[in-house]
Structure formats: structure tokens, C-alpha cells
Amino acid sequence: GRIATLDIYVLVAMLWSVVLYLRGRPVAAGVLLGIGACLKLVAPYVLLVLALFELAAVWSGARTRAARGGVLARLGGCAAAAAALGLGLLALMDWIAAPYDASAGRRVGDGPLGHLGHMLTYASQQTSPHGPAGIASYPWGWLIDLKPIVYLNIDPSRPAGHLSAINPPIHFLGMISPPILLLALPALVWAAWSLRGDRARRHGRGPALAVAWFLGTFVPFVLLSLLWSRTSYLYYMVIVMPGLYLAGACALPALTRRHRRIVAAWAVTVLAAVVVMYPFTPLP
């Protein structure tokens, strides 16, 4: 959020869309999803999240046979509302400011469907067939902070270009908090283990949603990279993180009962990372 990418804004719509769906309001969830799709086209990944969540509920036995019949209706209502509002808002924005194709030197025609097609075509051209360069990275590297992004680096003793006497020194890294990942990845495995039978009933819907969110938002990036060499960046992980946060939150009660001191030490490292990784903290 501190770099103001579109990902943080679409995430708000994605989160509230899932909240409304879980509260039994699939059409309202679709409305928010349609708004989110006008912010960034990753918003429909929520439909994958919800489909996987419903599938996990059926697999674990949490859905009765009667309840299973309403799953497609709920998902369909959500998807239809999202598509209708998303295209409607896109048409409204096109009316306010007509979309323009800078590479072709002309406006984008054919209404909202033409605009949507243009966005998808443009995105498909952002590829790295010879591997990621610059700040780009492979999605699987995000899980271990393999390639942090240096957003801003100011060293007063060695100013860049025509800059001089710039203070204070700044080392602004874009990366995921290592202590969060240290807990979240094992917790995700634990959440997947908790999806079946008595374990699913004992731990509630949290683990299923954590696994569904992670798979529904992370796997598409992996497939796009593997199959079409799509260029990807570490900050795309913003929309994946809620799944990891939720997995960690579900695992913490069990860990606290057995390893209270270890959990306390982990919490201290989380707070320390917040201080150390703050963008404008002078570092050696």
C-alpha cells in the first residue's frame, strides 16, 4: 500500500466481496467484484477463490446434499453481477474519457468489450521469454523474498546525477516481511491438512478459506509465467497475502497452547521487522 500500486486498491474490493459472499449476499459480492475489476483485472480471481472454497466445503462434508444445489446459483449470481456492473462502469468511464491506444495512435472502439479486449491484448504482450529482468521476478520466488525491489536508495555521501546533500539516507525495499512468511508458509500446509473430516469441523471455515484464497490468487500468476512467460513483479503478491495471513491466524491458537514462548518471540520479530523495514528508516 505504501507504493500506491493498483493492487492495494483492488484488494479492498476483493476482500469485501468475499466477506459479503460468506455472509450470504452473493449478488452484493458480485457488485463489489465488478467495481474491483474496474480497478485492476485481477479482481475476478475472487471467483476462483470462492469456487475452491465451496469445493472444499463439499469435500469436507460441511455441505449437505440440499445445500450443494445452491452453490452454482450463488457463484453464478456473483459472477453475473460482477460482469454486468464491471462492463457498465467501464462503459460509463469510456463515456467520460474515451480510451486511447497510444501505440496505434487512435482511440479504442467497440465499446466496453473493445476496451476490455484491448486491456487483455496489451497485458498478453508483457512477457519475459528470456527470464525476468530489472525488478521483474518469477512468482515462486515471492514466497521466499528471493528478489526484493529497491524502490528508493539515497546515500548522501554518493549522490546520484545532479543531486547533492540529500538527507536523510534512505533504503526503501519492497519485500514481504520475513517473519510473516516464516509462519505463513508452514501454516498454509497446516490449513490444507485441516480440511478433512473432524479436523474441518473443529477448525471451522478459516483454513478452507486460507487455502482457497492462496490457490485462487497465486496459481494464476504461476500458470501465466510458466505457460506464456508473462512478466510479473513482487508487489503482485499483495492480493495473495490475505490467504497467508488467514492461515497464520488460524494456526496461531494451536501454536500458542503448545509453544507460547516461541509465538511470543515470533511476535517480537514481526514488530522488529516493521521498524527495520519502514521506508524512511536510515540504515547502514
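Structure: above.
Residues numbered from 1 in each chain as written. Predicted model: local features only at pLDDT ≥ 70, side-chain atom pairs only at ≥ 80, totals over all residues. Heavy atoms only, no water.

Q: Would you explain the side chain of Ser 225 in this entry?
A: Relative to the assigned elements, Ser 225 resides in helix α10 (residues 206-228). Under the relative-accessibility criterion, Ser 225 is labelled buried at 8%. The residues contacting Ser 225, other than those within four sequence positions of it, are Tyr 138, Pro 139, Trp 140 and Arg 230. (Helix = DSSP H or I, 4+ residues; strand = E, 2+ residues; numbered from the N terminus. Buried < 20%, exposed > 50% of the residue type's maximum accessible area, 1.4 Å probe, protein only. Contact = heavy atoms within 4.5 Å.)

Q: Honestly, the packing of helix α1 (residues 6-22) against helix α3 (residues 45-60) in this entry has me stumped. Any pointers?
A: For any two helices packed against each other, the geometry is given by the interaxial angle and the distance between the axes. The contact between α1 and α3 brings their axes to 10 Å, and the two run at 35 degrees. Crossing hand, α1 versus α3: right-handed. The segment α1 lies against α3, with Met 14, Ser 17, Val 18, Tyr 21 and Leu 22 engaging Tyr 45, Val 46, Leu 50, Phe 53 and Glu 54. Across the contact of α1 with α3, the residue classes break down as 8 nonpolar, 1 polar and 1 charged. (Axes fitted to C-alpha atoms, helices over the stretch in contact; angles between N-to-C directions. Left-handed = near helix turned anticlockwise from the far one by under 90°. Nonpolar A, V, L, I, M, F, W, Y, C, P; charged D, E, K, R; others polar.)

Q: Would you explain the pattern of salt bridges in this entry?
A: If you walk through the whole model with that rule in mind, you get 2 salt bridges. Salt-bridge contacts for Lys 40 lead to Asp 7; the nearest nitrogen and oxygen are separated by 2.8 Å. Placement of Lys 40 in the loop between α2 (26-37) and α3 and of Asp 7 in helix α1 is noted, with a sequence separation of 33 residues between them. The pair formed by Lys 40 and Asp 7 is uniform in burial state, with each residue classed as buried. Linking Glu 54 and Arg 74 is a salt bridge whose minimum nitrogen-to-oxygen distance equals 3.1 Å. One end of the pair, Glu 54, is in helix α3; the other, Arg 74, is in helix α5 (residues 71-96), and 20 residues separate them in sequence. (Salt bridge = Lys/Arg side-chain N within 4 Å of Asp/Glu carboxyl O.)

Q: So what exactly am I meant to see when it comes to the pairing of strand β4 (residues 170-174) here?
A: Every regular strand shows the same layout, with side chains that alternate between the two sheet faces. The alternating pattern of β4 places Ile 170, Phe 172 and Gly 174 on a buried face, while none of His 171 and Leu 173, on the opposite face, is buried. In the sheet, strand β3 (residues 149-154) pairs with β4 via 5 bridges, with the strands oriented antiparallel. Across the sheet, residue Val 150 finds its bridge partner in β4, namely Leu 173. (Pairing = 2+ DSSP bridges.)

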